[in-house]
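Observations on the model geometry
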Amino acid sequence: MRPNKVIEAWQAGETAFAAWTNTESSYIAEVLGHTGADAVVIDMQHGMADMHSALSMLQAISATPASPFVRVPGLDPRLIMKLLDYGSYGLICPLVDNAEQAEAFVVASSYPPRGGRSYGPVRGLLYGGPDYLDAADRTIVRLAMIETRAGLDNMEAICQVDGLEGIFIGPSDLSLSLGSKPRPEPAEDQVEEAIARCLDAAHKAGKKAGIFCFGVEGAQRRTAQGFDFVVPHSDSFHMAKAYRAALEAARASKKN
Ligand code: 3PY
Ligand code: MG
């Protein structure tokens, strides 16, 4: 089966870096796939993509060196199965509160005997290759999001779930859940402390730890802390920031 770039990075002892798209654009997904990212994550929880656009975006990412990942809208086995059949190589599941939900996530995304994924990888087979059935369970990356107080309380048990490659921290929701305001790194002390505990618990359990970051400095901070899967914010954030800077620089050159 075609290798997963994120797993390859981890096997080489490297941090995996992912680009994140809030758009529903296959063109932008393709552009992101050519930026050197190990994966492009289509955000179907808060982003614009629906199932229709997700299919063309997954196809577009397939034409790049990056592996196609999706943040699913929620723990819905039907959507999870379909997005895998569409060719997603990685799934990030939001708002995982306990080990039972993490187990349900693994079951929905794994073939029997481990899971209950129904057979029909109509596009996964084209992208992955003829040995898809044998290799899919160990090639697809599953990350459970820790971003609630319950998830934090149950994080050790979540990290014990077999078949889960790791956790992915959502600092904004985690902040809200702990009574803090979301803000760029560093987060408020209690949130930073919770993030450090998540990182430690994941590594103690032999799992990977990923995190969404709020820009370049944040991504550098989390990479230096030892996170294994780092997302340095979204495409819409970087596009607006870069365009604002370009416009300001051009305006500043105007002769009076
Ligand atoms: C959060 O910070 O809550 C996230 O879900 C990041 O994507
Ligand atoms: Mg969140």
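Everything discussed here concerns the structure shown above.
Residues numbered from 1 in each chain as written. Chains lettered and ligands numbered in written order. Predicted model: local features only at pLDDT ≥ 70, side-chain atom pairs only at ≥ 80, totals over all residues. Heavy atoms only, no water.

1. Here we look at the coordination of the magnesium ion (ligand 2)
The expected angle between donors at a tetrahedral four-coordinate metal is 109.5 degrees. At an octahedral six-coordinate metal it is 90 or 180 degrees. Note on the magnesium ion (ligand 2): its protein donors are Glu-147 (OE) and Asp-173 (OD). The metal-donor distances range over 2.0 to 2.1 Å. Of this pair, Glu-147 sits in the loop between strand 5 (141-146) and helix 8 (149-153) while Asp-173 sits in helix 10 (residues 171-177), and the two are 26 residues apart along the sequence. Look at Glu-147 and you get buried, because its relative accessible area is 2%. For Asp-173, a relative accessible area of 26% gives the class partly exposed. (Donors = N, O, S within 2.8 Å, 3.2 Å for Na, K, Ca; no water. Helix = DSSP H or I, 4+ residues; strand = E, 2+ residues; numbered from the N terminus. Buried < 20%, exposed > 50% of the residue type's maximum accessible area, 1.4 Å probe, protein only.)

2. Some details on the sheet that holds strand 2 (residues 39-43)
The parallel closed barrel is built from 8 strands, whose spatial order is 1-2-3-4-5-6-7-8. Neighbouring strand axes in the sheet, compared pairwise and without regard to direction, differ in orientation by 25° on average. The sheet contact formed by strand 6 (residues 166-169) and strand 7 (residues 208-212) spans 4 bridges and is parallel. From the neighbouring strand, Gly-166 faces strand 7, where its bridge partner is Lys-208. (Pairing = 2+ DSSP bridges. Axes fitted to C-alpha atoms, helices over the stretch in contact; angles between N-to-C directions.)

3. Observations regarding the pattern of salt bridges
Counted under the stated rule, the structure contains 10 salt bridges. Between Glu-165 and Arg-142 there is a salt bridge, with its nearest N and O atoms 3.7 Å apart. Of this pair, Glu-165 sits in the loop between helix 9 (155-159) and strand 6 while Arg-142 sits in strand 5, placing them 23 residues apart in sequence. Comparing Glu-165 with Arg-142 shows no difference in burial state: the two are buried. Taken together, the salt bridges that share partners define one network made up of Glu-103, Arg-114 and Asp-162. (Salt bridge = Lys/Arg side-chain N within 4 Å of Asp/Glu carboxyl O.)

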